[in-house]
Amino acid sequence: MNCIKLQAYEWAVAHPDHVERIAAVCGAARCGELNGVFLRSIEEALKADAAWDASRGHFTTRPDRGLRAFGSIYAGWGVGAGWYT
């Protein structure tokens, strides 16, 4: 997955005054369709937590239930089938 590399690109673009350079080796400049599905699923798991305040666009407290759901989803997608065999 290129999630870390995508985050490096995002920070460099969003915060150019704080990022002098990045080294995103073999990363994609954008997210593939399947990877996008995965990322949206974990985002929605977090936002389903009662701590998410959609009107303000942030959490009011630590989203413990959302983080557990995030972990459950990531356990299946994030490491791949080889991890479990």
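Scroll up to find the structure.
First, a word on what this report is: a plain description of the structure on this page. Starting afresh in each chain, residues are numbered from 1 along the sequence in its written order. Where local features are concerned, this predicted model is filtered to residues with pLDDT of at least 70; where side-chain atom pairs are given and counted, the filter is 80 or more; whole-chain, interface and lining totals use all residues. Computation of side-chain values: all heavy atoms of the structure, hydrogens and water removed.

Time to look at the pattern of salt bridges. We define a salt bridge as a side-chain nitrogen of Lys or Arg found within 4 Å of a carboxyl oxygen belonging to Asp or Glu. On inspection of all chains with the given rule, the structure shows four salt bridges. Where K47 meets E43, a salt bridge forms, and the shortest distance between an N and an O atom there is 2.9 Å. Of the two residues, K47 and E43 both sit in helix α2 (residues 33–47), four residues apart, roughly one turn of that helix. Exposure classes here rest on a 1.4 Å probe applied to the protein chains alone. A residue is buried below 20% of its type maximum, exposed above 50%, and partly exposed in between. For K47, a relative accessible area of 29% corresponds to the partly exposed category. Accessibility expressed as a relative area gives 35% for E43, which makes it partly exposed. The helix and strand labels rest on DSSP assignments: H or I over at least four residues marks a helix, E over at least two residues marks a strand, and numbering proceeds from the N terminus.

Right, let's talk about a nonpolar patch on the surface for a bit. A grouping of L34, V37 and W77 is seen on the molecular surface, where their side chains present a nonpolar patch of about 290 Å² in accessible area. In this fold, V37 is placed in helix α2. For V37, a relative accessible area of 37% translates into the label partly exposed. Two distance rules govern patches: like charges are joined within 9 Å, and nonpolar side chains (Val, Leu, Ile, Met, Phe, Trp, Tyr) within 5 Å, applied only to residues with over 30% relative accessible area and no salt bridge. A 1.4 Å probe and the Shrake-Rupley method give the accessible areas. Residues count as covered only by the protein chains that appear here.

Another point: the side chain of D49. Mapped onto the fold, D49 is located in the loop between α2 and β1 (52–53). Neither His nor the chain termini are counted; the positive set is Lys and Arg, and the negative set is Asp and Glu. Among buried charged residues, D49 stands out as having no salt bridge; its nearest opposite-charge side chain is R65, 5.9 Å away. Note on definitions: a residue-residue contact is assigned when non-hydrogen atoms from the two residues lie within 4.5 Å. Other than its neighbours up to four places away in sequence, D49 contacts P63, D64, R65 and G66.

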